[in-house]
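Observations on the model geometry
Listed here are the chains, written in short residue letters.
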Amino acid sequence: MAENRSGFSSSFGAIMAAAGSAIGLGNIWRFPYICGKYGGGAAIIVYLLFVFLIGMVLLMSELVIGRRTGHTPMRAYEELRPKHRNWRYVGLLGLITSFLILCIYFVISGWTLNYFWESVSGTLASIADGDFATHFAAFASSPVAPVVCLVIFAALTLVIILGGVQNGIEKVSKILMPILLVLVVLLCVRSLTLPGASKGLAYLFSPDFSQLTTEGVLAILGQALFSLSVGMGVMIVYGSYIPKGDGLFKSAMWITVCDTAIAILAGVAIFPAVFAFDQSPDGGPGLVFNVLPVVFNSMGNVGSIVFGGAFFLLLAVAALTSAISLLEALTAWGADYGKSRKRSAIILSVVLVLVAVVASFSFDGGILNDNKLAGISFFDWLDKLTGSYLPPICALLTIIFFGWFMKKDDIHDELSNHGVLKISWFKVFYHILVRFVAPAALIVSLVAGIFT
Ligand code: PHE
């Protein structure tokens, strides 16, 4: 264990911080949409299977690697396999992935800040229903406003990281996560009490197995991994901060349950309202910036300000705690190699903002949108790489390392807290899920992803 390295001070703080990482934009704008599109309840059943049998297994493996070594990914791999130093490149790939995700996150989170402001200041309330798509396109492609917003968001993230692991990340997560829960419950209550809400619930929950296509199953698996923030090594870093006495199974279970619960609540907050106002269900930026503002406006001026404001605040909070974990993973990496945390965090933020600005300029209609590589803009490249390819590749390599190269006794020792906890499930976990089920599922999804 590295000396003088601070970690989370309590189990609750550790779970809030890790759940904060897991609960992000993906829970709110992708999960409900994927469920609705691929068979409602049928998709939810598959999601639950994936998230608990594969996602949580990966989450536990990252937490074990992190807490066992007390290091960030590259050094953790080196320490666990000193004679096979090439494994550290898996750690490096994870960090590169985190960097790229954070660039996209900065851009999109900036948009949510802008929409939060436009909701509470009444600007959105004055826009006609048919004009939201144009409004969003004009905003996102402009060279100034999105940049100002992303710089503000990046600065917020940086300030929290500069506060440190306990006084920054842990403290802020303990405050923000309950706020997030209150916001999502408030929006659920509003949505469920609208006339016609039941159509949205049916869309989200009633099972239709005929919609559950191969493409759908793959999208659900990708979402389960992305949603738990696994594959990039972020959870290795957070694992290294978890107090030694905590049971890692219990921590992983709490993180997974919180993440899944918020995703389902987000669906309940969104789709009944979307259907109640006769809008068509969608996912991603289209849902958040074009469809939902129409829904909030239909609730009248006050509705638009209060519920629109609450919704965009919810998105910004969810995005912030995820961004914090990504910046922390990168900052801690520098610190693990003896660099000052403060300097690393500042330099990284500057570089991240510069790349994010280029990404923002290359978004549809932006000043760099015409500069394409293989017909794809820089923004879309980032989105593609971080959404579909890099996380499953990193996740596969991580689980192969964990199941086939790390010492089984070390894993048992860490999960049982040196024999203190009874872990009767270990055999099934290790010999079936870790070594076979999780790698097989990831290989199938990668191969299918390449060939379809
Ligand atoms: N889990 C986050 C989401 O659902 C995304 C994320 C991925 C955050 C990786 C941190 C690390 O949006």
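The structure we're discussing is the one just above.
Values in this document were obtained by computation on a predicted structure and should not be read as measured data.

Comments concerning the nonpolar core
- Core analysis: the biggest nonpolar cluster contains 163 residues, and Phe-106, Trp-111 and Phe-311 have the highest contact counts within it.
- In terms of residues, this core owes the most to one element, helix α14 (residues 300-336), which gives 18 residues.
- Non-local contacts of Phe-106, meaning those with residues more than four positions away in its chain, are made with Leu-150, Phe-153, Ala-154, Thr-157, Ala-323, Leu-352, Val-353 and Ala-356.

Side note on the site of the ligand
- The immediate surroundings of the ligand are formed by 15 residues, with Ala-22, Gly-26, Tyr-105, Phe-226 and Ser-229 found nearest.
- Backbone polar atom of Phe-226 to a nitrogen atom of the ligand: 2.9 Å apart, as the coordinates give it.
- When isolated, the ligand has an accessible area of 320 Å², and the protein chains bury 100% of it.

Here we look at the state of the cysteines
- In the structure shown here, the tally under the stated rule is zero disulfides.
- Cysteine Cys-188 remains unbridged, with the sulfur of Cys-35 as its closest cysteine sulfur at 14 Å.
- Counting only cysteine sulfurs, Cys-103 is the nearest neighbor of Cys-394, a cysteine outside any disulfide, at a range of 15 Å.
- The class for Cys-394 is buried, based on a relative accessible area of 1%.

Notes on the pattern of salt bridges
- Across all of its chains, the model carries eight salt bridges by this definition.
- A salt bridge links Arg-67 to Glu-414; the nearest nitrogen and oxygen atoms lie 2.7 Å apart. Of this pair, Arg-67 sits in helix α3 (residues 41-69) while Glu-414 sits in helix α17 (residues 408-415), and the two are 347 residues apart along the sequence. This pair shows no difference in class: Arg-67 is buried, exactly as Glu-414 is.
- Where Asp-413 meets Arg-68, a salt bridge forms, and the shortest distance between an N and an O atom there is 2.9 Å. Taken together, the positions of Asp-413 in helix α17 and Arg-68 in helix α3 put the pair 345 residues apart, joining distant regions of the chain.
- Taken together, the shared-partner salt bridges connect Arg-67, Arg-68, Lys-244, Asp-410, Asp-413 and Glu-414 into one network.

Re unusual backbone geometry
- Non-glycine residue Asp-278 carries a positive phi angle of around 60 degrees.
- Structurally, Asp-278 is set in the loop between α12 (248-276) and α13 (284-297).
- On the basis of relative accessible area, Asp-278 is assigned to the exposed category, the value being 65%.
- Phi at His-418 takes a positive value of approximately 55 degrees, unusual for a residue other than glycine.
- By secondary structure assignment, the location of His-418 is in the loop between α17 and α18 (426-451).

A few points about the environment of Val-51
- Secondary-structure assignment places Val-51 in helix α3.
- Here Val-51 falls in the buried class, since its relative accessible area comes to 0%.
- As a C-alpha pair, Val-51 and Lys-422 span 371 residues in sequence and 24 Å in three-dimensional space.
- When residues no more than four places from it in sequence are discounted, the contact partners of Val-51 are Met-56, Ala-224, Leu-228, Thr-256 and Thr-260.

Criteria and cut-off values
- Residues numbered from 1 in each chain as written.
- Predicted model: local features only at pLDDT ≥ 70, side-chain atom pairs only at ≥ 80, totals over all residues.
- Heavy atoms only, no water.
- Core = buried A, V, L, I, M, F, W, Y, C linked by side-chain atoms within 4.5 Å.
- Buried < 20%, exposed > 50% of the residue type's maximum accessible area, 1.4 Å probe, protein only.
- Helix = DSSP H or I, 4+ residues; strand = E, 2+ residues; numbered from the N terminus.
- Contact = heavy atoms within 4.5 Å.
- Near = heavy atom within 4 Å.
- Polar contact = N/O pair within 3.5 Å; in protein donor to acceptor, adjacent residues only side chain to side chain.
- Areas by Shrake-Rupley, 256 points an atom, 1.4 Å probe, with all protein chains shown as cover.
- Disulfide = S-S within 2.5 Å.
- Salt bridge = Lys/Arg side-chain N within 4 Å of Asp/Glu carboxyl O.

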